[in-house]
Amino acid sequence: MLATARVVPFFLAISATAFAANLISADEARAIAQKQVPTGSTYLHTEAEMQKMQPYYEVEFFDTATQTKYEIDIYQVNGKIKEYNMERKALGGSANVILSKDDVKAIVAKEVGDVSIYELKLDREHGLYEYEVKFSASGLRGEMNINPETGVVLDKEVKYSL
């Protein structure tokens, strides 16, 4: 029994070391995330995080030209994107509604690809309108808010399956 107690911690140490050797670095995560943001966006920081025993990096950028913050979460174990978030800081909704729901569906398709939209509604908050869209596809689900006059994506969140 005593010999077994000594073997288990040694085995766990080897397994943890082998596991850590296969994780991507923060610099690798930054390079992956940078491909998801517009050229010229300023890198802010990378932070190691953990959720449900899955280590990932949270990488943030800011695009001063559009006043947009980007946060891309990258799994440490395989370098795949866990979640993508963008939010425009300067723009909001509109007092005018020009775009139809079909126009909004086309914007979502251009942004994300072939998705199934399961909720699309025009919402009014503080006197301004925004289209709120919820969508899903194989391996992802997400939400977007779109300006109903200009078609500008105000914010977008996409969560990917591991």
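The following refers to the structure shown. None of the values given here were measured: they were computed from a predicted structure. (Residues numbered from 1 in each chain as written. Predicted model: local features only at pLDDT ≥ 70, side-chain atom pairs only at ≥ 80, totals over all residues. Heavy atoms only, no water.)

1. A short note on the overall build of the protein
Then step 1. Along the protein, the regular secondary structure elements total 3 helices and 8 strands.
Then step 2. Counting from the amino terminus, the protein carries its helices and strands in the arrangement α-α-β-β-β-β-α-β-β-β-β.
Then step 3. For the protein, the share of sequence-separated contacts (at least 6 apart) that also reach a separation of at least 24 residues comes to 41%.
Then step 4. With an accessible surface of roughly 9900 Å², the protein has 52% of that area assigned to carbon and sulfur atoms. (Helix = DSSP H or I, 4+ residues; strand = E, 2+ residues; numbered from the N terminus. Contact = heavy atoms within 4.5 Å. Areas by Shrake-Rupley, 256 points an atom, 1.4 Å probe, with all protein chains shown as cover.)

2. Notes on the packing of aromatic side chains
Then step 1. This model, assessed by the stated rule, comprises 2 aromatic pairs.
Then step 2. Between Y43 and F61, the ring centres sit 5.7 Å apart and the planes meet at 65°, which makes this aromatic pair edge-to-face. Of this pair, Y43 sits in strand β1 (residues 42-51) while F61 sits in strand β2 (residues 54-63), placing them 18 residues apart in sequence.
Then step 3. Of the residues examined, F61 reaches a relative accessible area of 0% and is grouped as buried.
Then step 4. The ring of Y56 has K82 lying over it, and the distance from NZ or CZ to the ring centre is 4.6 Å. (Phe/Tyr/Trp six-rings, centres within 6.5 Å; stacked < 30°, edge-to-face > 60°. Buried < 20%, exposed > 50% of the residue type's maximum accessible area, 1.4 Å probe, protein only. Lys NZ or Arg CZ within 6 Å of the ring centre and 35° of its normal.)

3. Here's the deal with the layout of surface pockets
Which parts of space are left empty comes out when a probe the size of a water molecule is rolled across the atoms.
Then step 1. Taken as a whole, the largest pocket encloses approximately 240 Å³ of empty space.
Then step 2. Within the residue set of the lining of the largest pocket, elements represented by two or more residues are β4 (81-88), β7 (140-146) and β8 (153-160).
Then step 3. For the lining of the largest pocket, the per-class residue count stands at 3 nonpolar, 4 polar and 5 charged. (1 Å grid on protein atoms, 1.4 Å probe; cavity = no way out; pocket = protein on both sides within 12 Å on 5 of 7 lines; lining within 4 Å. Points joined across faces, edges and corners; volume = space filled by probe spheres on them. Nonpolar A, V, L, I, M, F, W, Y, C, P; charged D, E, K, R; others polar.)

4. Observations concerning the nonpolar core
Then step 1. Within the largest apolar cluster, 27 residues are counted, with the highest numbers of intra-cluster contacts made by I72, V104, V108, F135 and I146.
Then step 2. When near neighbours in sequence (up to four residues on either side) are disregarded, I72 contacts A33, Q36, V37, Y57, E58, V59, F61, I81, E83 and Y84. (Core = buried A, V, L, I, M, F, W, Y, C linked by side-chain atoms within 4.5 Å.)

5. What about the environment of N96?
Then step 1. Structurally, N96 can be placed in the loop between β4 and α3 (101-112).
Then step 2. Beyond its immediate chain neighbours, meaning those up to four positions away, N96 contacts P148 and E149.
Then step 3. Only 3.5 Å separates the side chain of N96 from the side chain of E149, close enough to count as a polar contact. (Polar contact = N/O pair within 3.5 Å; in protein donor to acceptor, adjacent residues only side chain to side chain.)

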